[in-house]
Amino acid sequence: MLSAMLAAAMMTAFGEKVTAENAWREYPRPQMVRDGWACLNGTWNYTIVSNDVEGIVRKIAAGKILVPFPIESALSGVGRLTATGEMIEYRRTFDAEPVAGRRLILRFDGVDFRAQVFVNGVEAGIPHEGAQTGFSYDVTDLVRKGSNDLLVRVWDPTEGFVNSLGKQALEPKGCFYTRVSGIWKSVWMESVPETWIERFNAIPDIDSGKVGFVFEVNGEEPRAEVKVEVKDSDGKVVARGKGRGGRRFEIAMPKGFRLWSPEEPNLYRFAAQCGEDRVDGYFAMRKFTKAKDKNGVLRFFLNNQPYFIIGTLDQGWWPDGLLTPPSDEAMEFDIKTLKRCGYNMMRKHIKVEPLRYYWLCDKLGILVLQDMPSGDGTKLFSFAHANTAYGSVRREWKGVMDELMAVPSIVMWIPYNESWTQPCDVLTADTLRWTRQYDPSHRLVNGPSGWRDFEGGDKGHDAKDRSWGKFPAEGEPVSCDSVDRHDYNFRPSMHATNPGRVSFLGEYGGIGCRVAGHLWTEDAWGYGDTGGDTNRVALQQKYVDLSAHVARLAKKGLGGAVYTQTTDVEGEINGIMTYDRKVLKFDPAAMKKAHEAIRAAAE
C-alpha cells in the first residue's frame, strides 16, 4: 500500500525512508522527558463515514493508514481527499498493564479538527476542537489488562467554520495548499504517578543571573513541592532550588553562566522531582527585547546587544507528508540548510510544528518567530467572520502559547497575518496586549504582520494604502513591539523608525525560480518573477542585489527581514530550495556573505 503511494508522489529523500516500523518513533516531547511511555504511531485501520439527508451514517471507504501522516498525504498510504461532510474513524488496539497508584495518560499532539476518543467503547472525555495544540485524556479507569480498543472519530470542515487552518484549502491554488485532515502529529501514552508534572515554563533573567520556574502540577496535590537541579552541558549540577506547583520560584545561576544565541546555542538541563514523579528538561539563558541603539534608533536586542534578525518565511510543508514532516532527519536538514546560508532566524508561518522541531531549533541555534495559524481562507477580509471566530481563535492561541512557552528559540509571537481572521481594531489590540501580558519571559509581540495595522502601519496590501493612523509618540503605550511591512517589490520599503515599535520587514523577496524535474505542477509561479525563470546564476545575483538593498534599509533602522521562503510549496516556486529539498537553488556561501553584510550595516 505505502510503496504504491510513494511511487506516484513527489518525494523527499527523507520520505523515501519512511516505513510503518520507523515512522515517528522518537519521544515526542524533548522539552520535558519522562520514563514510562508507549508510542502509538504506526499502522491503524481507518474508515470514512458520511451521513445522508436523514442523518443515517454509512461507510464510504476503509483500509490501512500510517499514523501520524494525514490521510491526504502520500506517506499515510491513503492519499484521499476528504469531503466536508465526511468523518474519519481511526481504530487500533494497544496493550496496557494497569498499576496501582499510577495513571495512564493518552496524548494526541495534533488532530485536525474535532476529535472524539473512545477506549473500549467508552468516550474518554468531551470532544477536542482545534488542530494546532495537543490534548490528552486520563484513561486509567477505561483500560484493562492486556489488549484494549482505541477509536478516534474526526471531523474536519477545512473551510466555512471557525477553525484555524493556515494555508489549507478545499481547492488549492496560489498560496493555498492541499488540505490536511485527521491525526497529523504523534499519538502516545505515558504512565504517571497520582500527582504529576503536566508542563513547565522557564523564565530566564540574564540581568539578575536567575531563572524562574513555573510547574503545572496535576492530580491529587496540585500545590505539591517541586525540587529542581540545574545541570551544565557536562551533566554537573550547578544550581538547586524548590517551589510549589503552580507558583513561580527562582534559582540563582552560577557565576559566569553561558548565554544562548544562534551563534552559541548553550542549553542547560534540569531534573525536576515532584513526589514520585521525575521529569528531565532544558532551558536557555537568553533575552530578546527592543531598545534604542547608540544612535537612538529602536532595534531588536539579543542578550542586551543590537541584533539584526534575517531569516526565511518557513511554512513547514512537505510534498510527501504535507503538514507532517517525514522525520527528525528531514526537519534537521531544513534548519541546518538555513544556518548554512547565513540565516539566524525563521518565521514559522501560520503553522505549529511538532515539539521535536522546536527542540532542534533550540539545540542547533536559530531564532523562531511563531505565527498563529489563520482561519478560513475563503473569508480572509471579512470582519464579520473574524469577529465571530474571535473566541475560538483566542482560546486556541492561548493553547499554542502554553504548549510552546518553554521553547527558548521562540523570541516573538505573531497573532495575525495579513488580516486573515483579524477582527476589528479594538479586538485586535486586545489580542496583542493580552499576548504581551500572558508571556512573562523576555519575548516580543509582532504587530499585525502585513496589513490592517491601525497603530501607524499599513492599511492594505495595495501601495496606495501605506499609511493608517499615527505611530504613538514617545512614552505613549503601544499594543505590540514591531511594525511589520510586507513588500514584494524588488526594492522593498520600510516603515519609518519610531519610538514605540521596531521597523520590521515581515515578508519580502519571493524570487521565483523554476527547476525542471522538481515541480509539483507546471502551472508554477513566484512573487518576484513570472515563474518562468530558470537561469539560477542570474537569479542568485538578483538575490545578492536585493540583499544589498535590505542592507541599506538596515542602516536606516530596519530591525529585521523575512525572505519568502525556505522551500517551494506546491504551486509556489519562491523557495531557496525545491519542494522536494533535492536542489538548493543558490550558492550558500554567497547567501551567507550577503546576510553578513546586512547585519554589519545594522549592527
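Refer to the structure printed above.
Residues numbered from 1 in each chain as written. Predicted model: local features only at pLDDT ≥ 70, side-chain atom pairs only at ≥ 80, totals over all residues. Heavy atoms only, no water.

A. Seen up close, the overall build of the chain. Regarding its fold elements, the chain presents 7 helices and 34 strands. Here the C-alpha radius of gyration of the chain, 24 Å, is about what a compact globule of 603 residues would show, namely 25 Å. C-alpha atoms of the chain, sized along the principal axes, occupy 70 × 60 × 45 Å. Across the chain, every contact between residues at least 6 apart in sequence was considered, and the portion connecting residues at least 24 apart equals 68%. (Helix = DSSP H or I, 4+ residues; strand = E, 2+ residues; numbered from the N terminus. Rg over C-alpha atoms; globule rule 2.2 N^0.38 Å. Contact = heavy atoms within 4.5 Å.)

B. The sheet that holds strand β1 (residues 32-33), seen in detail. If you trace the 5 strands from one edge of the open sheet to the other, you get β1-β23-β22-β19-β20, paired in antiparallel fashion. With partners counted over all chains shown, the strands left at the sheet margins are β1 and β20 (237-244), one partner each. The sheet contact formed by strand β19 (residues 225-231) and β20 spans 7 bridges and is antiparallel. Counterpart to Lys227 in the pairing with β20 is Lys242. (Pairing = 2+ DSSP bridges.)

C. Local environment of the nonpolar core. Within the largest apolar cluster, 65 residues are counted, with the highest numbers of intra-cluster contacts made by Phe308, Tyr343, Leu404 and Ile576. Discounting residues that sit within four places of it in the chain, Ile576 has contacts with Leu338, Cys341, Tyr343, Tyr563, Gln565, Thr566, Thr567, Val583, Leu584, Lys585, Phe586 and Met591. Ranked by size, the runner-up nonpolar core spans 30 residues in total, among them Trp44, Ile65, Phe94 and Met189. (Core = buried A, V, L, I, M, F, W, Y, C linked by side-chain atoms within 4.5 Å. Buried < 20%, exposed > 50% of the residue type's maximum accessible area, 1.4 Å probe, protein only.)

D. Seen up close, helix α5 (residues 425-438). For α5, with 14 residues, the first-to-last C-alpha span of 20 Å sits near the 20 Å given by 1.5 Å per residue. When we look at burial in α5, the residues that qualify are Thr428, Ala429, Thr431, Leu432, Trp434 and Thr435. Packing partners of the buried residues in α5 comprise α4 (383-404), β30 (410-414) and β31 (444-445). (Expected span 1.5 Å × (residues − 1).)

E. Geometry of the pairing of strand β33 (residues 502-509). Burial within β33 is extensive, with 8 of its 8 residues counted as buried. The pairing of strand β32 (residues 482-487) with β33 spans 6 bridges and is parallel. When the bridges of β33 are listed, Arg485 appears paired with Leu505. One ladder, built from 4 bridges, connects β33 with strand β34 (residues 560-564); its direction is parallel. Of the residues in β34, the one forming a bridge with Tyr508 is Tyr563.

F. Representation of the sheet that holds strand β21 (residues 249-252) in the model. An order of β17-β18-β21 is seen for the 3 strands of this open sheet, with the pairing classed as antiparallel. Only two strands of the sheet have a single neighbouring strand rather than two, namely β17 (195-205) and β21. Taken pair by pair, the neighbouring strands of this sheet meet at an average axis angle of 30°, ignoring direction. As judged from the 10 bridges shared by β17 and strand β18 (residues 210-219), these two strands associate in the antiparallel manner. Bridge pairing in β18 places Thr195 opposite Gly219. (Axes fitted to C-alpha atoms, helices over the stretch in contact; angles between N-to-C directions.)

G. Region of interest: the pattern of salt bridges. Under the criterion given, the structure shown has 43 salt bridges. The partner of Asp138 in a salt bridge is Arg103, and the shortest N-O contact between them spans 3.1 Å. With Asp138 in strand β11 (residues 135-138) and Arg103 in strand β6 (residues 102-108), this residue pair connects regions lying 35 residues apart in the sequence. What you see here is one network of salt bridges that share partners, running through Arg29, Arg34, Arg107, Glu190, Glu198 and Asp277. (Salt bridge = Lys/Arg side-chain N within 4 Å of Asp/Glu carboxyl O.)

H. Looking closely at the packing of aromatic side chains. Evaluation of the coordinates by the stated rule reveals 32 aromatic pairs. On the basis of an interplanar angle of 75° and a centroid distance of 6.0 Å, the ring pair of Tyr357 and Tyr358 is categorised as edge-to-face. No difference in accessibility class separates Tyr357 from Tyr358, as the two residues are buried. Taken together, the ring pairs in this structure connect Phe200, Phe213, Phe215, Phe249, Tyr268, Phe270 and Phe283 into an aromatic cluster. Above the ring of Phe490, the side-chain terminus of Lys542 is found at 5.1 Å from the ring centroid. Lying over the aromatic face of Tyr307, Arg599 brings its terminal NZ or CZ to 4.5 Å of the ring centre. (Phe/Tyr/Trp six-rings, centres within 6.5 Å; stacked < 30°, edge-to-face > 60°. Lys NZ or Arg CZ within 6 Å of the ring centre and 35° of its normal.)

I. Looking closely at the side chain of Arg103. Judged by relative accessible area, Arg103 falls into the buried class, the value being 17%. Only 3.1 Å separates the side chain of Arg103 from the side chain of Asp138, close enough to count as a polar contact. Polar contacts involving the side chain of Arg103 include one to the side chain of Thr140, which spans 3.4 Å. Discounting residues that sit within four places of it in the chain, Arg103 has contacts with Asp138, Thr140, Asp141, Glu190, Ser191, Val192, Pro193, Glu194 and Trp196. (Polar contact = N/O pair within 3.5 Å; in protein donor to acceptor, adjacent residues only side chain to side chain.)

J. Layout of the environment of Phe113. In this fold, Phe113 is placed in the loop between β7 (111-112) and β8 (114-119). Phe113 sits 52 residues away from Leu165 along the chain, and the two C-alpha atoms are 8.8 Å apart. When near neighbours in sequence (up to four residues on either side) are disregarded, Phe113 contacts His128, Glu129, Gly130, Ala131, Val154, Trp155, Asp156, Pro157, Phe161 and Asn163.

K. Representation of the packing of helix α6 (residues 536-556) against helix α7 (residues 588-602) within the structure. Contact geometry for α6 and α7: axes closest at 7 Å, N-to-C directions at 10°. One element, α6, and the other, α7, form an angle in the roughly parallel class. Contact residues: Gln540, Tyr543, Ser547, Val550, Ala551, Ala554 and Lys555 in α6; Ala590, Met591, Ala594, His595, Ala597, Ile598, Ala601 and Ala602 in α7. Split by residue class, the contact of α6 with α7 holds 11 nonpolar, 3 polar and 1 charged. (Parallel < 35°, antiparallel > 145°, perpendicular 65-115°, else oblique. Nonpolar A, V, L, I, M, F, W, Y, C, P; charged D, E, K, R; others polar.)

L. Up close: the state of the cysteines. Throughout the structure, instances matching the rule amount to 0 disulfides. Of the cysteine sulfurs around Cys175, a residue in no disulfide, the closest is that of Cys513, at 20 Å. Accessibility expressed as a relative area gives 17% for Cys175, which makes it buried. With no disulfide of its own, Cys341 has Cys513 as its nearest cysteine by sulfur position, at a separation of 14 Å. (Disulfide = S-S within 2.5 Å.)

So far we have only geometry, and geometry alone does not tell us how the molecule works.
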